[in-house]
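Per-entry structural report
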Amino acid sequence: MLVIGIAGGTGCGKTTVVNQIINELPYEEVGVISQDSYYCDLSHLNYDERTQVNFDHPRAIDFDLLGSHLQDLKKGIPIHQPVYSFVKHNRTNDTILTHPRKVMIVEGILIMTNPQIREMFDIKIFVHADSDERLIRRLKRDITERGRDLDEVLTRYQNTLKPMHNQFIEPTKEYADIIIPNNKYNTVAIDIVRTIINEKLS
Ligand SMILES: Nc1ncnc2c1ncn2[C@@H]1O[C@H](COP(=O)(O)OP(=O)(O)O)[C@@H](O)[C@H]1O
Ligand SMILES: O=c1ccn([C@@H]2O[C@H](COP(=O)(O)O)[C@@H](O)[C@H]2O)c(=O)[nH]1
């Protein structure tokens, strides 16, 4: 199994890049794991308390569960990937049965901050977009798709997103084998990654 880690700040385009990569690749050969599925279970907190959580700090992620799921997949064992609700700020009761594939892509802002998880990646990719571009994209996405308003996104950006990005996420760029500039759609970089995957699959 080839495990590819794709990191980068919020709104840089990780999910979009993953979808572009797997588009046109054989469905049964490639699987995706999202770090968002591994936000810690916050059922012990009420909704208002959950809105105050710093979701951009590594401790927000259940890396133990992510690590054991990756180990299982490497051994050929299917996993039940949790499903997260950004509207409720919590894990749902649903899971997605995720089968091991020849290529597994793991994407998320903090996946390269954890040394054990980092070591599991055969290829490490960092997607870069400038912070103003990321903020604009996040504003549009969170308002249309994640039930937020302008004030929520800007307050969270100032209080946690920006400082956590600078402290934890941006420094993981140094671990990357490939950095994809993504201020604009980057079809050349996508083609290169797809070629690498196709070589593995052939
Ligand atoms: N290169 C790009 N140019 C313009 N908009 C983009 C680009 N890549 C992604 N987007 C848009 O930005 C938003 C955030 O992208 P997404 O892939 O969800 O980022 P991430 O997963 O890194 O948070 C989405 O609405 C997406 O359509
Ligand atoms: O309940 C939550 C959990 C996370 N977030 C924010 O999500 C982003 C990470 O997702 P991307 O798709 O990479 O943008 C992170 O910046 C958290 O702040 C949230 O808003 N609510």
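Residues numbered from 1 in each chain as written. Chains lettered and ligands numbered in written order. Predicted model: local features only at pLDDT ≥ 70, side-chain atom pairs only at ≥ 80, totals over all residues. Heavy atoms only, no water.

Each helix and strand counted, the chain has 7 helices and 7 strands in total. Its helices and strands in sequence order give the chain the pattern β-α-β-α-α-β-β-β-α-β-α-α-β-α, from N to C terminus. At 16 Å, the chain has a C-alpha radius of gyration in line with the 17 Å of a compact globule built from 202 residues. Considering only C-alpha atoms, the chain reaches an extent of 50 × 35 × 30 Å along its principal axes. When each of the 202 residues of the chain is scored for burial, the buried share is 50%. Of all intrachain contacts in the chain linking residues separated by at least 6 positions in sequence, the fraction that spans at least 24 positions is 75%. For the chain, the exposed surface amounts to about 10400 Å²; the carbon and sulfur share of it is 50%. (Helix = DSSP H or I, 4+ residues; strand = E, 2+ residues; numbered from the N terminus. Rg over C-alpha atoms; globule rule 2.2 N^0.38 Å. Buried < 20%, exposed > 50% of the residue type's maximum accessible area, 1.4 Å probe, protein only. Contact = heavy atoms within 4.5 Å. Areas by Shrake-Rupley, 256 points an atom, 1.4 Å probe, with all protein chains shown as cover.)

Between two packed helices, both the angle of their axes relative to each other and the distance between the axes serve to describe the pair. At a minimum axis distance of 11 Å, the contact between helix H5 (residues 131-145) and helix H6 (residues 150-169) shows a crossing angle of 140 degrees. Judged by the angle between their axes, H5 and H6 are oblique. The chirality of how H5 crosses H6 is right-handed. Residues Ser 131, Arg 134, Leu 135, Arg 138, Leu 139, Asp 142 and Ile 143 of H5 pack against Leu 150, Val 153, Leu 154, Arg 156, Tyr 157, Leu 161 and His 165 of H6. The residue inventory of the contact of H5 with H6, partitioned by class, reads 8 nonpolar, 2 polar and 4 charged. (Axes fitted to C-alpha atoms, helices over the stretch in contact; angles between N-to-C directions. Parallel < 35°, antiparallel > 145°, perpendicular 65-115°, else oblique. Left-handed = near helix turned anticlockwise from the far one by under 90°. Nonpolar A, V, L, I, M, F, W, Y, C, P; charged D, E, K, R; others polar.)

With that out of the way, let us pick up unusual backbone geometry. We note that Glu 24 has phi near 80 degrees; this positive angle belongs to a residue other than glycine. In this structure, Glu 24 sits in the loop between helix H1 (14-22) and strand S2 (30-34). The phi torsion at His 89 lies on the positive side, around 55 degrees, for a residue other than glycine. You can see His 89 is positioned in the loop between strand S3 (79-85) and strand S4 (90-98).

Within the structure, ligand 1 sits among 13 residues, and Gly 11, Lys 14, Thr 15, Thr 16 and Arg 141 are positioned closest to it. Interatomic distance of 2.9 Å between a backbone N/O atom of Gly 11 and an oxygen atom of ligand 1. Asn 182 is positioned with one of its side-chain polar atoms (N or O) 3.3 Å from a nitrogen atom of ligand 1. In the complex, the protein chains occlude 79% of the 560 Å² of accessible area that ligand 1 would expose alone. (Near = heavy atom within 4 Å. Polar contact = N/O pair within 3.5 Å; in protein donor to acceptor, adjacent residues only side chain to side chain.)

Attention shifts here to the packing of H1 against helix H7 (residues 187-201). Two elements in contact, H1 and H7, have axes separated by 9 Å at closest approach and are oriented at 50 degrees. By the angle between their directions, the pair H1 and H7 is classed as oblique. Crossing hand, H1 versus H7: right-handed. Judged by residue contacts, Val 17, Gln 20 and Ile 21 of H1 engage Ile 190, Val 193, Arg 194 and Ile 197 from H7. Grouping the constituent residues of the contact of H1 with H7 by class yields 5 nonpolar, 1 polar and 1 charged.

Cross-referencing UniProt, the feature "domain: Phosphoribulokinase/uridine kinase" (unreviewed entry) maps to residues 3-188 in the present numbering. As annotated, residues 3-188 has a helix share of 37% and a strand share of 22%, and its two end C-alpha atoms lie 21 Å apart. (UniProt positions renumbered as here; feature names shortened; annotations may be inferred.)

This next bit is on the site of ligand 2. Among the 15 residues in the neighbourhood of ligand 2, the closest are listed as Thr 10, Asp 56, Tyr 84, His 89 and Arg 138. The contact in question runs from an oxygen atom of ligand 2 to an N or O atom on the side chain of Thr 10, over 2.6 Å. A distance of 2.8 Å separates an oxygen atom of ligand 2 from a polar side-chain atom of Arg 148. Taken together, the residues of the shell around ligand 2 break down into 6 nonpolar, 2 polar and 7 charged.

Another aspect to go through is the nonpolar core. In this structure, Ile 33, Tyr 39, Leu 66, Val 106, Leu 110, Ile 111 and Phe 121 are the most contacted members of the largest nonpolar core, which totals 30 residues. Looking at this core, the elements that each hand over two or more residues are strand S1 (2-7), helix H3 (63-74), S3, strand S5 (103-107) and H6. Setting aside its immediate chain neighbours within four residues, Ile 33 contacts Tyr 38, Leu 66, Leu 73, Ile 79, Gln 81, Met 104, Ile 105, Val 106 and Glu 107. Of all hydrophobic cores here, the second largest spans 21 residues; its members include Val 30, Ile 105, Ile 180 and Ile 197. (Core = buried A, V, L, I, M, F, W, Y, C linked by side-chain atoms within 4.5 Å.)

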